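The lines below spell out each chain.
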Amino acid sequence: ARTLVLRAGRLEPPARLHLTLRFLGDVADAQLHRWRAAAGEVAAAAFSLRLTQVGWWPQSAVAWLGPADTPSALSALVAALACIDLPATRVEHLY
């Protein structure tokens, strides 16, 4: 087993943990409800997911967990979400 030693950082509360199924980038609030509604229409079978891999993205200082094996139901869900054809309107950030 591989060990990842973190010398800095903080644990996120469980409510902030997530599994990225489709990355949209910045989506305008006006479009977000359409994406959620479309994703809510996708049928998916139940599956179990064992997070056995650990990694580190140094550029963003993020540690991640992932599965060694992807359940076929998860692959089907990701494929179904990839078929949603809605525009991802970019949000301009003003600094």
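Data block above holds the structure.
I will try to describe carefully the structure that is included in this document. (Residues numbered from 1 in each chain as written. Predicted model: local features only at pLDDT ≥ 70, side-chain atom pairs only at ≥ 80, totals over all residues. Heavy atoms only, no water.)

## What about the pairing of strand 1 (residues 51-57)?
Note: strand 1 against strand 2 (residues 62-67), 6 bridges, orientation antiparallel. Residue Q53 lies in a different strand from strand 2, and its bridge partner there is G66. Taking the residues between adjacent antiparallel strands as the criterion, strand 1 and strand 2 are bridged by 4 residues, where A61 takes a positive phi near 55 degrees. (Pairing = 2+ DSSP bridges. Helix = DSSP H or I, 4+ residues; strand = E, 2+ residues; numbered from the N terminus.)

## So, unusual backbone geometry
Phi at A61 takes a positive value of approximately 55 degrees, unusual for a residue other than glycine. Its place among the elements puts A61 in the loop between strand 1 and strand 2.

## So, the pattern of salt bridges
Going through the model one piece at a time under the given rule, you end up with 1 salt bridge. One salt bridge connects E12 with R16, and the closest N-O pair in it is separated by 2.7 Å. What makes E12 partly exposed here is its relative accessible area of 30%. (Salt bridge = Lys/Arg side-chain N within 4 Å of Asp/Glu carboxyl O. Buried < 20%, exposed > 50% of the residue type's maximum accessible area, 1.4 Å probe, protein only.)

## Comments concerning a nonpolar patch on the surface
Nonpolar side chains collect at one region of the surface, where W57, V62 and W64 lie side by side and expose about 270 Å² of accessible area between them. Within the fold, W57 resides in strand 1. (Patch = residues over 30% accessible without salt bridge, like charges linked within 9 Å, V, L, I, M, F, W, Y side chains within 5 Å. Areas by Shrake-Rupley, 256 points an atom, 1.4 Å probe, with all protein chains shown as cover.)

## Overview of the environment of L65
Note that L65 resides in strand 2. Looking at L65, the relative accessible area reads 57%, which means it is exposed. With sequence-adjacent residues up to four places away left out, L65 is seen in contact with L51, Q53 and V54. (Contact = heavy atoms within 4.5 Å.)

## Notes on helix 2 (residues 72-82)
The α-helix winds at 3.6 residues per turn, so residues separated by three or four positions along the chain end up facing the same way. Within the span of helix 2, buried status applies to A73, L74, L77 and L81. Axial view of helix 2: buried residues confined to an arc of 100 degrees, hence all on one face. Projecting away from the buried face of helix 2 at angles above 90 degrees are the exposed residues S72 and A82. Looking at the buried positions of helix 2, the neighbouring elements they touch are helix 1 (29-40). (Arc of directions from axis to C-beta.)

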